[in-house]
Amino acid sequence: MKTKNQPMKTYIKNLFLLPALVAGLGLIPAGRVTAQTFTNLHSFNYSDEGNPQAGLILSGTTLYGTTTGGSWDQGTVFAVSTDGTGFTNLYSFTAYSIFLSANSDGANPQAGLILSGNTLYGTAGYGGSSGDGTVFALNTDGTGFTSLYSFTTLNNSTNSDGPIRLAD
Amino acid sequence: LILSGNVLYGTATYGGSSGYGTVFSLFIPPQLTIIPSGANVISTWPTNAAGFTLQSTTNLVSPAVWSTVSPGPIVVNGQNAVTNPISGTQKFYRLSQ
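Residues numbered from 1 in each chain as written. Chains lettered and ligands numbered in written order. Predicted model: local features only at pLDDT ≥ 70, side-chain atom pairs only at ≥ 80, totals over all residues. Heavy atoms only, no water.

Residue-level account of the overall build of chain A, with values.
Within chain A, the secondary structure is distributed over one helix and 12 strands. The N-to-C order of helical and strand elements in chain A reads β-β-β-β-β-β-β-β-β-β-β-β-α. When the 168 residues of chain A are sorted by exposure, 43% land in the buried category. In chain A, once contacts between residues fewer than 6 apart in sequence are set aside, the share between residues at least 24 apart is 38%. Counting every atom, chain A has about 8,200 Å² of accessible surface; 54% of that belongs to carbon and sulfur. (Helix = DSSP H or I, 4+ residues; strand = E, 2+ residues; numbered from the N terminus. Buried < 20%, exposed > 50% of the residue type's maximum accessible area, 1.4 Å probe, protein only. Contact = heavy atoms within 4.5 Å. Areas by Shrake-Rupley, 256 points an atom, 1.4 Å probe, with all protein chains shown as cover.)

Below, the structure written as structure tokens:
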């Protein structure tokens, strides 16, 4: 597992204060103050196999998500604290055959995860025994990756169990 | 996106320092509303804004001295609400975290 730290924070404004009030002469509520604070918790780089396309899930103070891996990589499942520290690559999907897009675990997850107990569940859009995606499970500490199901080969865009890339 | 308290969390597919996307958070401050009610003012803000305290000061000139408003809020129609009598020439309120 790869671990990285130190979020880069960009404070746009931090002024969530001060509706004003003049008493005695009548009330003058000030206009809305809608400043927000944007924080870049983590910037993916080449070694992170970034390009996330899905949303996150939150458990306690830990965010979990997936990356597609961009054009050259197979994607990951990652965790990062809500303060941006402790970025952890929980699992990197393995390389697949160029011609069949097949491998043992799946590749390029484009959807988010769900969490049940300490188990994360997700789908991969490619890879698996036929190259058409998998359903997988993974413990929140990065151990115990299991490919639960490999979708079958598409034939003229049809098969018996659904093209995962359209369903995820 | 997911919302936890007053913070949105999300991902960006591209951009960031290396162009491979980001994980980000966006803090959405709670809105404090002040309305007159006879000889009082009623300050309200959402109850999901956990950890915020209503404070007031009579002068914003630095160094402004902010004091926690007492009594504390009660929940009315899903909003934290504090009622205070109008006094003096001016008073300023804020939510502090």
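A description of the overall build of chain B should follow, citing residues and the corresponding values.
Broken down by element type, chain B carries zero helices and 10 strands. N-terminal to C-terminal, the α/β element order of chain B is β-β-β-β-β-β-β-β-β-β. For 97 residues, the compact-globule estimate of 2.2 N^0.38 gives 13 Å, and the C-alpha radius of gyration of chain B, at 18 Å, exceeds that figure by more than 25%. Dimensions of chain B along its principal axes, counting C-alpha atoms only, are 55 × 35 × 20 Å. Counting over 97 residues, chain B shows a buried share of 36%. Of the roughly 5,000 Å² of accessible surface on chain B, 55% is carried by carbon and sulfur atoms. (Rg over C-alpha atoms; globule rule 2.2 N^0.38 Å.)

Mind laying out the interface of chain A and chain B, listing which residues take part and the relevant values?
Listed by partner, the interface residues are 37 residues for chain A and 42 residues for chain B. Summing both partners gives a buried area of about 3,300 Å² for chain A against chain B, and 66% of it is carried by carbon and sulfur. Counting the contacts that link chain A with chain B gives zero salt bridges. Where chain A meets chain B, there are 10 residue pairs in polar contact (both at pLDDT 80 or more). For the side of chain A that touches chain B, the secondary-structure elements that each account for two or more residues are strand 3 (20-21), strand 4 (37-43), strand 5 (57-59) and strand 7 (76-81) of chain A. Here the side of chain A that touches chain B gets seven residues from one element, more than from any other, and that element is strand 4 of chain A. Split by residue class, the side of chain A that touches chain B holds 23 nonpolar, 13 polar and one charged. Bridging between strand 4 of chain A and strand 3 (residues 22-27) of chain B involves six bridges; their strand directions are antiparallel. The residue of strand 3 of chain B that forms the bridge with Ser43 of chain A is Thr22 of chain B. (Buried area = accessible area lost by both parts, 1.4 Å probe. Salt bridge = Lys/Arg side-chain N within 4 Å of Asp/Glu carboxyl O. Polar contact = N/O pair within 3.5 Å; in protein donor to acceptor, adjacent residues only side chain to side chain. Nonpolar A, V, L, I, M, F, W, Y, C, P; charged D, E, K, R; others polar. Pairing = 2+ DSSP bridges.)

Quick one: what's the story with the side chain of Asn84 of chain B, residue by residue and with numbers?
Considering the arrangement of structural elements, one finds Asn84 of chain B in strand 9 (residues 79-85). What Asn84 of chain B contacts, discounting residues up to four positions off in sequence, is Ala39, Asn40, Val41, Val69, Ser70 and Tyr93 of chain B.

Hey, could you go over the confidence of the model for chain A for me, with residue numbers and the actual values?
In regions of low pLDDT, the predicted coordinates are not meant to be interpreted in detail. Overall, the predicted model of chain A reaches an average pLDDT of 79, with 70% of residues at or above 70. Predicted confidence for residues 1-32 of chain A stays below pLDDT 50, and this span has 88 contacts to residues more than four positions away or in other chains. (pLDDT = per-residue confidence, 0-100.)

Can you lay out a nonpolar patch on the surface for me, pointing to particular residues and giving the numbers?
There is a patch of nonpolar side chains on the surface, built from Ile114, Tyr121, Leu148 and Tyr149 of chain A and spanning about 390 Å² of accessible area. Note that Tyr149 of chain A resides in strand 12 (residues 146-150). (Patch = residues over 30% accessible without salt bridge, like charges linked within 9 Å, V, L, I, M, F, W, Y side chains within 5 Å.)

Hey, could you go over the nonpolar core for me, with residue numbers and the actual values?
Among the nonpolar cores identified, the biggest contains 22 residues, and Leu63 and Phe78 of chain A together with Val23, Leu32, Trp45, Leu54 and Tyr93 of chain B are the most heavily contacted of them. Breaking this core down by element, the ones donating at least two residues are strand 7 of chain A together with strand 2 (7-12), strand 3, strand 5 (40-46) and strand 10 (91-96) of chain B. Setting aside its immediate chain neighbours within four residues, Val23 of chain B contacts Thr39, Asn40, Leu41, His42, Phe44, Leu56, Leu63, Phe78 and Val80 of chain A together with Gly10 and Thr11 of chain B. Counting residues in each nonpolar core, the second largest holds 12 residues, with Tyr64, Val77, Phe93 and Leu138 of chain A among its members. (Core = buried A, V, L, I, M, F, W, Y, C linked by side-chain atoms within 4.5 Å.)

Residue-level account of the side chain of Thr67 of chain A, with values.
Residues and elements named next belong to chain A. With respect to the element layout, Thr67 can be found in strand 6 (residues 62-67). Judged by relative accessible area, which is 0%, Thr67 ranks as buried. For Thr67, the side chain forms a polar contact with the main-chain oxygen of Glu49, separated by 2.4 Å. At a separation of 2.7 Å, a polar atom in the side chain of Thr67 contacts the side chain of Thr76. Setting aside residues up to four positions removed in sequence, Thr67 forms contacts with Phe44, Asp48, Glu49, Gly50, Asn51, Pro52, Gly75, Thr76, Phe78 and Pro109.

Could you give an account of the sheet that holds strand 9 (residues 114-116) of chain A, naming the residues involved and the relevant values?
All names here are of chain A. Sheet architecture is open: four strands sit in the order 9-10-11-12, paired in antiparallel fashion. Both outer strands of the open sheet, strand 9 and strand 12, are each paired with one neighbouring strand and no more. Averaged over all pairs of adjacent strands, the angle between strand axes in this sheet comes to 25°, irrespective of strand direction. Direction of pairing for strand 11 (residues 134-139) relative to strand 12: antiparallel, over a ladder of four bridges. When the sheet's bridge partners are listed, Ala137 is paired in strand 12 with Thr146. (Axes fitted to C-alpha atoms, helices over the stretch in contact; angles between N-to-C directions.)

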